[in-house]
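The lines below spell out each chain.
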Amino acid sequence: MNSMDLTTFETTAVWAVLGIAILGLIYAIFLRRQILHEDKGTKEMQEVWEAIRQGADAYLTRQLRTILPFILLLTVALFLSVYIVPPSPEAMERFEQYSESTIRLIVGIGRAIAFVMGASFSLSVGQIGMRMAVQGNVRVAAASRRSFSDALRIAYRAGTITGMLTDGLGLFGGTIIFIYFGKAAPDALLGFGFGGTLLALFMRVGGGIYTKAADVGADLVGKVEQDLEEDDPRNAAVVADLVGDNVGDCAGMAADIFESYEVTIVSGLILGLALTAMTGHIEWILYPLLVRGIGVLASMVGTYLVKGQSEESGDAMKAIFQGFLTSAAISVVLFGIVAAVYMRDVPGGWWRPFLSTAVGVGLAILIDRLTDYFTGTHGKPVQEIRESTSSGPATTILSGLGVGYESSVWSVVVIALTIGAAILIYVGMPVQQFVNNGSALSVGAAQVAFVLYGIAMTGIGMLTLTGNNVAMDSFGPIADNANGIGEMAGLDGNARQIMADLDAVGNTTKAITKGIAIGSAVIAAVSLFGSFITDVSKIDPMALASGIRVSEPVVFVGLLLGGALPWLFSSLAIKAVSRAAGQMVDEVRRQFKIPGILEGTRKPDYKQAVTISTIAAQKDLVNLAIVAIVTPIVVGLLLNVEALGGFQAGIILSGQLLAVFMSNAGGAWDNAKKTIEDEVRNPAANLGKGSERHKASVVGDTVGDPLKDTAGPALNPMIKVVNLVSLIIAPIIVQYQTLNFGVVLTVVVLIAALGWAIVRSKKDAEPVKTPIAAISGD
């Protein structure tokens, strides 16, 4: 950091940001102590909770064993990547006292360590956060016997622990790398972002397959065939379903948002570095870190204020959203103060970077409200789906498809307007003076560089409230699990109603967080797209001098392939759920035939269902990762770097539309089902649980489950894995544009690996014979 000639204020500010990151982690520890001191309830509640805890631990342990060899292989590959292309000019300047070979070694080790650190932090956020969610669910169930406000407070603060881990570790890792590498930080941050993104992909895919295999099996047999309640203890899949809520929504989403958090920092620093080189102002680099520090402080305040106002009932969504708005208001005010004080001398005025970050906060709020409209129980779309259930499952599914398609359009419009705002904010920048001062950029390219920086800052602003976002997401499975524990432990009606109300709100908060995650994924991907162009220009200024021209046939081919990849990825993920769900259905049906289980005189064998989901979730982890990593490398090596740019554009657009469609359609189906379940039960009048309308809604919810909780959310990290791989290999592709024997051999091997992964992913599931020993079957 000393090589950057920082002022005393700037040096102090960077260390203060590091201190804020540590403060965020201390706040998470403080909340953990609060949660663990709460009552865990009756013996029956703790027995159910222990089964959930053991199932989640067994899954995470098995997942780690599956992905560890792959992580080690990629760590070596990232280290060796610096020996294929020369170190960046920033790295040469930062370590100018060393020889070039030593600089390669330093950057290679730094990138490899950063990759391991990003992967470890992402894993820690997911695993620790999930375990705290498991600790929280039984305490929420116990608190529901006392009051609504206590249950809400415990559920939200248990989720906030995951949020602050995401905030704190993300900011800590990025700041530490910046302190050591200075202007060369992007060289190592690429590894940090890639590590976090790859682990997010693993946890999203694995958790999504696990949870939906159990959920679909439990619902189809339990609700539709046997007319049982949501979490009836006679259903053999119920514990696996409760475990799945944690490994899918807690561990998966936390890792997902963590990697978006890191990717926006990576792109912000790369683009800030380009502006610093152009204008001579280092403020462009430091401002993103200062914004992130403000976000951690604002989230601490806003999340702590979330609590119910009534002992009996209340509006949990209103309390959560007020906390979100409080954090947003604090953030925007502090953004303005920091920008006015620190960015006052930058070209174009301090108000431009300030508005960029403020627009990001506004985008998060807008997506929040948009998703709430399309998936909330009060909104017209969910009410329309509810009405369509009177005509049966077919019209229920058609209605939900229509809701999903429309919501995707409006989401794209919002993101397009946001990017348009970034363009307007930077209109009139005095770029001519920088071109005249000897910059290699044209006037147009210089203007684009400022706009791309504005988009990156919008992404950073959008994820400023990461602590709040992850808290909202984790709140969902915590409330869901608490409701399940209450059902299985036989709690009284008042407590069950409190938990049912929290569960319904949690379903909406999960959908909102998915919407924010998808939106941030697109903004981050566009920012990385800009970083891709910037990095290619450093190696060969003429490689993309004319931009990425869709009119070129080879670039259009790249665009088509990129647009197709999310569909292939989603297909493989949904088929994985379908295979595992089929096994789960067979297992639940088998156990219902055993005398005494349906009568309630004998407990089902929960461990067998947990084993089915656990094994199914591991089968496709590496396969889908290979698809995401290998495809951009093959496209780049075969077609060229400009076609690789087209490939990224295709995947961003197609992935955004598909992810929002799947997430919102699934969320709307789910909440339509919940509105019917809240009706007074009267099957004869076609009302409530057990009615034909309810069965139609369960079918719709079952169709939507793998869309909203497996394929849709997994597209977020998949898009960014592709972007980061493209960013890492782009300099290599530019340097080795001519096809030679080595390049051809590499392409052949990669295509073979890709084919192997796809074929392996389509193989039929093998019968499960040996249950996981860690799960109690009593």
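Scroll up to find the structure this text is about.
Residues numbered from 1 in each chain as written. Predicted model: local features only at pLDDT ≥ 70, side-chain atom pairs only at ≥ 80, totals over all residues. Heavy atoms only, no water.

1. Some remarks on the overall build of the chain
Working step 1: Scanning the chain from terminus to terminus reveals 22 helices and 0 strands.
Working step 2: Overall, the chain is about 80 × 60 × 45 Å in size when its C-alpha atoms are taken along their principal axes.
Working step 3: With 778 residues in all, the chain has 64% of them scored as buried.
Working step 4: Within the chain, residue pairs in contact and separated by at least 24 positions form 86% of the contacts whose partners lie at least 6 positions apart.
Working step 5: About 25,900 Å² of surface is accessible on the chain, with carbon and sulfur atoms providing 63% of the total.
Working step 6: The chain carries 55 positive and 65 negative side-chain charges, and their two centres are separated by 4 Å. (Helix = DSSP H or I, 4+ residues; strand = E, 2+ residues; numbered from the N terminus. Buried < 20%, exposed > 50% of the residue type's maximum accessible area, 1.4 Å probe, protein only. Contact = heavy atoms within 4.5 Å. Areas by Shrake-Rupley, 256 points an atom, 1.4 Å probe, with all protein chains shown as cover. Lys, Arg positive; Asp, Glu negative; His and termini not counted. Charge placed at Lys NZ, Arg CZ, Asp CG, Glu CD.)

2. As for the packing of aromatic side chains
Working step 1: Following the criterion strictly, the structure yields 20 aromatic pairs and no others.
Working step 2: Residues F95 and F181 carry aromatic rings whose centres are separated by 5.9 Å and whose planes lie at 85° to one another, so their mutual orientation is edge-to-face. Taken together, the residues span a long stretch of sequence, with F95 in the loop between α3 (89-94) and α4 (100-143) and F181 in helix α5 (residues 148-181) at a distance of 86 residues. This pair shows no difference in class: F95 is buried, exactly as F181 is.
Working step 3: Among the aromatic residues, those joined into a ring-pair cluster are W284, Y426, F450 and Y453.
Working step 4: If you follow R292 out to its NZ or CZ, it ends over the ring of Y261, 3.9 Å from the centre.
Working step 5: One residue, R369, lies across the ring of F321, its end atom 3.9 Å from the ring centre. (Phe/Tyr/Trp six-rings, centres within 6.5 Å; stacked < 30°, edge-to-face > 60°. Lys NZ or Arg CZ within 6 Å of the ring centre and 35° of its normal.)

3. Examining the packing of helix α12 (residues 393-425) against helix α20 (residues 641-677)
Working step 1: One way to put it is that α12 packs onto α20 with a least axis distance of 7 Å and a crossing angle of 135°. On the basis of the axis angle, α12 is oblique to α20. At the point where α12 passes α20, the crossing takes the right-handed sense. Of α20, the residues touching α12 (which contributes T396, I397, G400, L401, V403, G404, Y405, S407, S408, S411, V412 and I415) are Q656, L657, V660, F661, N664, A665, A668 and W669.
Working step 2: Taken together, the residues that form the contact of α12 with α20 break down as 12 nonpolar, 8 polar and no charged. (Axes fitted to C-alpha atoms, helices over the stretch in contact; angles between N-to-C directions. Parallel < 35°, antiparallel > 145°, perpendicular 65-115°, else oblique. Left-handed = near helix turned anticlockwise from the far one by under 90°. Nonpolar A, V, L, I, M, F, W, Y, C, P; charged D, E, K, R; others polar.)

4. Here we look at empty space enclosed by the protein
Working step 1: This structure, assessed with the given rule, holds 5 cavities of 30 Å³ or more.
Working step 2: The space that makes up the largest cavity amounts to roughly 160 Å³.
Working step 3: In terms of lining, the largest cavity is formed by 18 residues, of which the most central are D215, E230, D480, D670 and K673.
Working step 4: Elements supplying a minimum of two residues to the lining of the largest cavity: α6 (185-225), α7 (238-279), α16 (493-539), α20 and α21 (692-735).
Working step 5: Within the lining of the largest cavity, the residues separate by chemical class into no nonpolar, 1 polar and 17 charged. (1 Å grid on protein atoms, 1.4 Å probe; cavity = no way out; pocket = protein on both sides within 12 Å on 5 of 7 lines; lining within 4 Å. Points joined across faces, edges and corners; volume = space filled by probe spheres on them.)

5. Observations concerning unusual backbone geometry
Working step 1: The backbone phi angle of N640 is positive, close to 125°, even though this residue is not glycine.
Working step 2: Inspection of the secondary structure assignment puts N640 in the loop between α19 (621-639) and α20.
Working step 3: Of note in the backbone geometry, N686 takes a positive phi value of approximately 60° without being a glycine.
Working step 4: Locating N686 in the fold gives a position in the loop between α20 and α21.
Working step 5: A relative accessible area of 23% means that N686 is categorised as partly exposed.

6. Comments concerning the packing of helix α2 (residues 43-81) against helix α18 (residues 606-619)
Working step 1: Relative to each other, α2 and α18 sit at 25°, their axes nearing to 10 Å. The orientation of α2 with respect to α18, classified from their angle, is roughly parallel. Crossing of α2 against α18: the hand is right-handed. Residues G55, Y59, R62, Q63 and T66 of α2 lie in contact with α18, whose contacting residues are V610, T614, I615, A617 and Q618.
Working step 2: Among the residues forming the contact of α2 with α18, the class breakdown is 4 nonpolar, 5 polar and 1 charged.

All quantities given are derived from atomic positions and should not be read as evidence of function.
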